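# Topology and contacts: notes
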Amino acid sequence: MRILIADDHDLVRDTISEYLVKEGATEVKSASSLDEALTICEEDKAFDLLVLDYNMPGMEGLSGLSKAIENNQGTPVAILSGNAPHSVAQEAIDRGAIGFLPKTMTAQSLVHAVRFMMAGETFFPVSHFADQKKDNPVSKQLSKREVEVLNGLCKGQSNKEIASELGLQEVTIKLHVRTLCRKLDAKNRTHAAMIAKEAGLY
């Protein structure tokens, strides 16, 4: 198991490397920027996994992810982040990342996630974002059901589709949408979805 960890914080790199070596990684190399990581990969194409910090120099959001995937054909690439919202994590997966690793993960969870990805499976920490949503100032204003309805709005679903998914009457969804708009000070359902996305809720 050969892994390259790219992060501009020495402590993060060293800590993750130590976890992985302790758990059986044969070699863990490190880099402090995207350019350095790509140079190392160019010289050594035998890595089993490349882990990139979302906020390090050279990444420019997820453009760096696309660049890494393009330059390292066949090598799985994962994104590491301490504060990226659900929408960024989902976009990373949509762009071809094999996983998204929150920096808040425990050592054991991180090792399990790496093994999962090494087996060819996509890792997405659903529980992490569930907790993130609970703490989000926007979601704190809303009931659990209203958050579920808001999720449907963010996905562009109609009232009928949301009602079907949640097992409710369409009229009930209309009432929830009206309440959502009032609580979020939104002009309409589209505006409510925009507010949620800008707040990093979805």
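What you see is a predicted model; the values in this text were computed from it and never measured. (Residues numbered from 1 in each chain as written. Predicted model: local features only at pLDDT ≥ 70, side-chain atom pairs only at ≥ 80, totals over all residues. Heavy atoms only, no water.)

### Focus on the sheet that holds strand 2 (residues 27-31)
- Pairing is parallel across the open sheet formed by 5 strands, whose spatial order is 2-1-3-4-5. At either margin of the open sheet sits one strand with a lone partner, and together these are strand 2 and strand 5 (99-102). Each strand axis lies, on average, 20 degrees off the axis of its neighbour in the sheet, ignoring direction.
- By the bridge criterion, 4 bridges tie strand 4 (residues 77-81) to strand 5 in an arrangement that is parallel. By the bridge assignment, L80 is partnered in strand 5 with L101.
- The strands that helix 2 (residues 34-43) touches are strand 1 (2-6), strand 2 and strand 3 (49-53); relative to strand 2, the one it contacts most, it runs at about 140 degrees. (Pairing = 2+ DSSP bridges. Helix = DSSP H or I, 4+ residues; strand = E, 2+ residues; numbered from the N terminus. Axes fitted to C-alpha atoms, helices over the stretch in contact; angles between N-to-C directions. Contact = heavy atoms within 4.5 Å.)

### Topic: helix 4 (residues 86-94)
- All of the buried residues in helix 4 are H86, V88, A89, A92 and I93. Down the axis of helix 4, the buried set is contained in an arc of 165 degrees. They therefore lie on one face.
- Once helix 4 finishes, G96 follows within two positions and takes phi at roughly 115 degrees, a positive value. (Buried < 20%, exposed > 50% of the residue type's maximum accessible area, 1.4 Å probe, protein only. Arc of directions from axis to C-beta.)

### So, the side chain of D53
- Within the fold, D53 resides in strand 3.
- There is a polar contact of 3.2 Å between the side chain of D53 and the side chain of K103.
- Among residues more than four places away in sequence, those in contact with D53 are A6, D7, D8, M59, L80, S81 and K103. (Polar contact = N/O pair within 3.5 Å; in protein donor to acceptor, adjacent residues only side chain to side chain.)

### Comments concerning the UniProt feature "modified residue: 4-aspartylphosphate" (unreviewed entry) in the protein
- As annotated by UniProt and renumbered to match this structure, "modified residue: 4-aspartylphosphate" (unreviewed entry) occupies D53.
- For D53, a relative accessible area of 2% puts it in the buried group. (UniProt positions renumbered as here; feature names shortened; annotations may be inferred.)

### Focus on the pairing of strand 4
- For strand 4, the tally of buried residues reaches 5 of 5 residues, placing the bulk of the element in the interior.
- In strand 4, alternate side chains face the same way, and those of V77, I79 and S81 on one face and A78 and L80 on the other are all buried.
- In the sheet, strand 3 pairs with strand 4 via 4 bridges, with the strands oriented parallel. The residue bridging L50 from the neighbouring strand is V77, located in strand 4.
- Following the backbone out of strand 3, through helix 3 (residues 63-71) and into the adjacent parallel strand 4, one traces a crossover that is right-handed. (Right-handed = clockwise from strand over helix to strand, strands pointing away.)

### Focus on the pattern of salt bridges
- In total, this model carries 13 salt bridges according to the counting rule given.
- The salt bridge partner of E91 is R95, with a shortest N-O separation of 3.0 Å.
- Taking the shortest distance from any N to any O, the salt bridge between R145 and E148 comes out at 2.8 Å. You can see R145 and its partner E148 sitting in helix 7 (residues 144-154), 3 residues apart, about one turn around the helix. (Salt bridge = Lys/Arg side-chain N within 4 Å of Asp/Glu carboxyl O.)

### A closer look at the environment of K183
- Position of K183 among the secondary structure elements: in helix 9 (residues 170-184).
- With a relative accessible area of 31%, K183 lands in the partly exposed category.
- Along the backbone, K183 and Q141 are 42 residues apart, and their C-alpha atoms lie at a distance of 7.1 Å.
- In this view, K183 contacts Q141, L142, S143 and E146; residues no more than four positions away in its chain are not counted.

### Remarks on the state of the cysteines
- Counting across every chain of the model gives 0 disulfides.
- Left unpaired, C154 is separated from the closest cysteine sulfur, that of C181, by 11 Å. (Disulfide = S-S within 2.5 Å.)

### Examining the packing of helix 7 against helix 10 (residues 189-198)
- Relative orientation of the contacting elements helix 7 and helix 10 amounts to 100 degrees, with a least axis distance of 9 Å. Relative to helix 10, the element helix 7 lies roughly perpendicular. Between helix 7 and helix 10, the contacting residues are L150, L153 and C154 on the first element and R189, A192, A193, A196 and K197 on the second. (Parallel < 35°, antiparallel > 145°, perpendicular 65-115°, else oblique.)

### Quick look at the packing of helix 1 (residues 10-22) against helix 5 (residues 107-118)
- The interhelical angle for the contact between helix 1 and helix 5, taken along N-to-C directions, is 70 degrees, at an axis separation of 10 Å. Viewed along their axes, helix 1 and helix 5 adopt a mutual orientation that is roughly perpendicular. By crossing handedness, the relation of helix 1 to helix 5 is classed as right-handed. On helix 5, the residues that touch I16, Y19 and L20 of helix 1 are A107, L110, V111 and V114.
- Taken together, the residues of the contact of helix 1 with helix 5 sort by class into 7 nonpolar, no polar and no charged. (Left-handed = near helix turned anticlockwise from the far one by under 90°. Nonpolar A, V, L, I, M, F, W, Y, C, P; charged D, E, K, R; others polar.)

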